[in-house]
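Chain residues, written in single-letter form:
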Amino acid sequence: MLTEKDLLLDIIQNTPVSSVWNISSDSWERIPEVFAEFISFNDVYGWDIIIKSDNRKRVTEIIDKEEIYNKIVHQYIRFNESIIFKSYDNMLFTILEDSFPLKVELLNKYKDSDVCVE
């Protein structure tokens, strides 16, 4: 059975290099600690993590180990100044924009699951 954790891992694994993953500041208070080595910007609105080819594997390992998917209240990924992914309320509702790589493939993968993605 596919879960929100699987979806977040798929999203991070397929997001373009140099994308910025923003996690809202009302998320789990340990986000800055567990992602300390990757946070490029931090303010009252949240934390930015730049997805790079040399950190993607470690970021996904943290997501897996820490069960991050259900500790993030709101999040989005932007690439080339456009939002390509966003989710609300601990991934209860997730949107992949048309510009997200492999959008169709991911929608097909999750269409028969309980994961809410469009």
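Quick caveat, the model's predicted, so the values are computed rather than measured.

### Thoughts on the overall build of the chain
- On a plain count of helices and strands, the chain comes out with four helices and six strands.
- In sequence order, the chain lays out its α and β elements as α-β-α-β-β-α-β-β-β-α.
- What you see for the chain is a C-alpha radius of gyration of 13 Å, in line with the 13 Å of a compact globule of 118 residues.
- With the C-alpha coordinates of the chain rotated into their principal frame, the extents come out at 35 × 25 × 25 Å.
- The buried share of the chain, taken over its 118 residues, is 45%.
- Considering only residue pairs separated by 6 or more positions, the chain has 56% of its internal contacts joining residues 24 or more positions apart.
- With the model as given, the accessible surface of the chain reaches about 6,400 Å², and the carbon-plus-sulfur share is 49%.

### Remarks on the packing of aromatic side chains
- This structure, assessed with the given rule, holds one aromatic pair.
- When the ring of W21 is compared with that of F35, the centres are 5.5 Å apart and the planes differ by 80 degrees; the resulting orientation is edge-to-face. One end of the pair, W21, is in strand β1 (residues 19–24); the other, F35, is in the loop between α2 (31–34) and β2 (39–43), and 14 residues separate them in sequence.
- Overall, W21 belongs to the buried group, its relative accessible area being 0%.
- Using a relative accessible area of 0% as the deciding quantity, one classes F35 as buried.

### Describing the packing of helix α1 (residues 4–14) against helix α3 (residues 56–66)
- α3 packs onto α1 with a crossing angle of 170 degrees between their chain directions and a minimal axis gap of 10 Å. By the criterion of interaxial angle, the relationship of α1 to α3 is roughly antiparallel. From α1, K5, L8, L9, I12, Q13 and N14 reach across to α3, where they touch R56, V59, T60, I63 and D64.
- Residue composition of the contact of α1 with α3, by class: five nonpolar, three polar and three charged.

### Brief notes about unusual backbone geometry
- The phi torsion at N80 lies on the positive side, around 50 degrees, for a residue other than glycine.
- In this fold, N80 is placed in the loop between β4 (75–79) and β5 (82–88).
- Of note in this structure, E81 is not a glycine but carries a positive phi near 70 degrees.
- Here E81 lies in the loop between β4 and β5.

### Details of the side chain of T60
- Within the fold, T60 resides in helix α3.
- At 2.8 Å, the side chain of T60 forms a polar contact with the backbone oxygen of K57.
- Among all residues touching T60, those that are not within four sequence positions of it are L9, I12 and Q13.

Basis of the calculations
- Residues numbered from 1 in each chain as written.
- Predicted model: local features only at pLDDT ≥ 70, side-chain atom pairs only at ≥ 80, totals over all residues.
- Heavy atoms only, no water.
- Helix = DSSP H or I, 4+ residues; strand = E, 2+ residues; numbered from the N terminus.
- Rg over C-alpha atoms; globule rule 2.2 N^0.38 Å.
- Buried < 20%, exposed > 50% of the residue type's maximum accessible area, 1.4 Å probe, protein only.
- Contact = heavy atoms within 4.5 Å.
- Areas by Shrake-Rupley, 256 points an atom, 1.4 Å probe, with all protein chains shown as cover.
- Phe/Tyr/Trp six-rings, centres within 6.5 Å; stacked < 30°, edge-to-face > 60°.
- Axes fitted to C-alpha atoms, helices over the stretch in contact; angles between N-to-C directions.
- Parallel < 35°, antiparallel > 145°, perpendicular 65-115°, else oblique.
- Nonpolar A, V, L, I, M, F, W, Y, C, P; charged D, E, K, R; others polar.
- Polar contact = N/O pair within 3.5 Å; in protein donor to acceptor, adjacent residues only side chain to side chain.

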